[in-house]
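Understanding the architecture of this molecule
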Amino acid sequence: MKIAVLAVQGAFAEHRKMLEALGCTVTELRQKQDLTQDFDGIVLPGGESTVQGKLLRELDMYEDIKSRIENGLPVLATCAGLILLASDIVNDDRRHFGLLPVSVKRNAYGRQLGSFHYDGEIKGLGIFPMEFIRAPYIEVANQNVEVLAEVDNHIVAVRYGNQLAAAFHPELTEDTRFHQMFLEMCRRKIK
Ligand code: GLN
């Protein structure tokens, strides 16, 4: 299975490492030319959503990636990636791909609690180690969005069709189950 990881900014190397450990061939998307190939899924990593959104447009990669996701390419989005996918950002005027019908709040945990660890339940997986780094949370999700995890009554992981998104960073732990859930979505798509 071939998975593309958006690699214009942020924590893409950790996703690559985890996906390779799970037996995937990984290709990094750094420039428009990297989009001439086919792949079975795409990862939008954590980092800084404003920078990533700006680079995607400047590098002329935005439309291609957006239409692939719209056409059913499975996507795993973490943290800033979730912000890129969201249809609404409550505390930012910018919108990026806008394909996931949720309203997110950037840096939602404030300064004091900028980064923290929480062992929380993920639907279908059980207790999972969640690493939050200046994380967003989902304030409101469309009724068709499947909520996979909540922390303190705030939604932190969802699934919607071909899109899997988390406010935390599964790639920064040793636990591969969230990535495996994504690869399962990719496998189902291929069949
Ligand atoms: N705070 C970042 C943003 O708003 C997200 C942080 C992260 O990806 N770890 O884009």
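Report on the accompanying structure. Please read these numbers as outputs of a predicted model, since none were measured by experiment.

Here we come to the site of the ligand. Taken together, the residues surrounding the ligand are Gly 46, Gly 47, Glu 48, Ser 49, Cys 79, Ala 80, Ile 83, Arg 106, Asn 107, Ile 133, Arg 134 and His 169. Separating an oxygen atom of the ligand from a backbone N or O atom of Ser 49 is a distance of 2.7 Å. In this structure, a nitrogen atom belonging to the ligand sits 3.0 Å away from a side-chain N or O atom of His 169. The protein chains hide 98% of the 300 Å² of surface that the ligand would expose on its own. Class assignment of the residues belonging to the shell around the ligand gives a composition of four nonpolar, five polar and three charged.

Turning our eyes to something else, we now look at the pattern of salt bridges. For side chains of opposite charge, pairing can occur when their charged atoms come near one another. Under the criterion given, the structure shown has 15 salt bridges. Here Arg 68 makes a salt bridge to Asp 64, at a shortest N to O gap of 2.7 Å. Separated by four residues within a single helix, Arg 68 and Asp 64 lie in helix α3 (residues 62–70), roughly one turn from each other. Among the ionic pairs, Asp 92 bridges to Arg 94, the shortest N-O distance being 3.0 Å.

Another point: the packing of aromatic side chains. Two aromatic rings, taken as a pair, are described by how far apart their centres are and by the angle between their planes. A complete count under the given rule lists nine aromatic pairs for this structure. With 4.5 Å between their ring centres and 10° between their planes, Phe 116 and Phe 132 make a pair best called stacked. Taken together, the residues Phe 116 in strand β7 (residues 115–122) and Phe 132 in strand β8 (residues 126–133) connect sequence positions 16 residues apart. In this structure, Phe 116 and Phe 132 share a single accessibility class: buried. Members of the aromatic cluster, connected to one another through ring pairs, are Tyr 109, Phe 116, Phe 128, Phe 132, Tyr 137, Phe 168 and Phe 178. The cationic tip of Arg 57 hangs over the ring face of Tyr 62; the distance from NZ or CZ to the ring centre is 4.5 Å.

Moving on, we get to unusual backbone geometry. Notably, Arg 134 is not glycine yet its phi reads approximately 40°, a positive angle. Tracing the backbone through its elements, the reader meets Arg 134 in the loop between β8 and β9 (137–141). Positioned with a positive phi, Asp 152 is a non-glycine residue whose angle comes to about 50°. Tracing the sequence through the fold places Asp 152 in the loop between β10 (146–151) and β11 (154–160).

Taken as a class, soluble globular proteins show a tendency for nonpolar side chains to be buried jointly. In this structure, Ile 42, Ile 65, Phe 132 and Val 156 are the most contacted members of the largest nonpolar core, which totals 66 residues. The greatest single-element share of this core, amounting to six residues, is contributed by helix α5 (residues 177–190). With near-sequence residues (within four places) excluded, Ile 65 lies in contact with Leu 6, Leu 29, Leu 35, Ile 42, Leu 56 and Phe 97.

Applying the stated criterion across every chain yields a total of zero disulfides. Here Cys 24 is not disulfide-linked; the sulfur of Cys 186 is the nearest cysteine sulfur, at 7.6 Å.

This paragraph deals with the side chain of Thr 173. Mapped onto the elements, Thr 173 comes out in the loop between β12 (163–166) and α5. Judged by its relative accessible area of 12%, Thr 173 falls in the buried class. A distance of 2.9 Å separates a polar atom in the side chain of Thr 173 from the backbone oxygen of Pro 170. There is a polar contact of 3.1 Å between the side chain of Thr 173 and the backbone nitrogen of Asp 175. Look past the residues within four positions of Thr 173 in its chain and what remains in contact with it is Met 18, Pro 129 and Glu 131.

What counts as what
- Residues numbered from 1 in each chain as written.
- Predicted model: local features only at pLDDT ≥ 70, side-chain atom pairs only at ≥ 80, totals over all residues.
- Heavy atoms only, no water.
- Near = heavy atom within 4 Å.
- Polar contact = N/O pair within 3.5 Å; in protein donor to acceptor, adjacent residues only side chain to side chain.
- Areas by Shrake-Rupley, 256 points an atom, 1.4 Å probe, with all protein chains shown as cover.
- Nonpolar A, V, L, I, M, F, W, Y, C, P; charged D, E, K, R; others polar.
- Salt bridge = Lys/Arg side-chain N within 4 Å of Asp/Glu carboxyl O.
- Helix = DSSP H or I, 4+ residues; strand = E, 2+ residues; numbered from the N terminus.
- Phe/Tyr/Trp six-rings, centres within 6.5 Å; stacked < 30°, edge-to-face > 60°.
- Buried < 20%, exposed > 50% of the residue type's maximum accessible area, 1.4 Å probe, protein only.
- Lys NZ or Arg CZ within 6 Å of the ring centre and 35° of its normal.
- Core = buried A, V, L, I, M, F, W, Y, C linked by side-chain atoms within 4.5 Å.
- Contact = heavy atoms within 4.5 Å.
- Disulfide = S-S within 2.5 Å.

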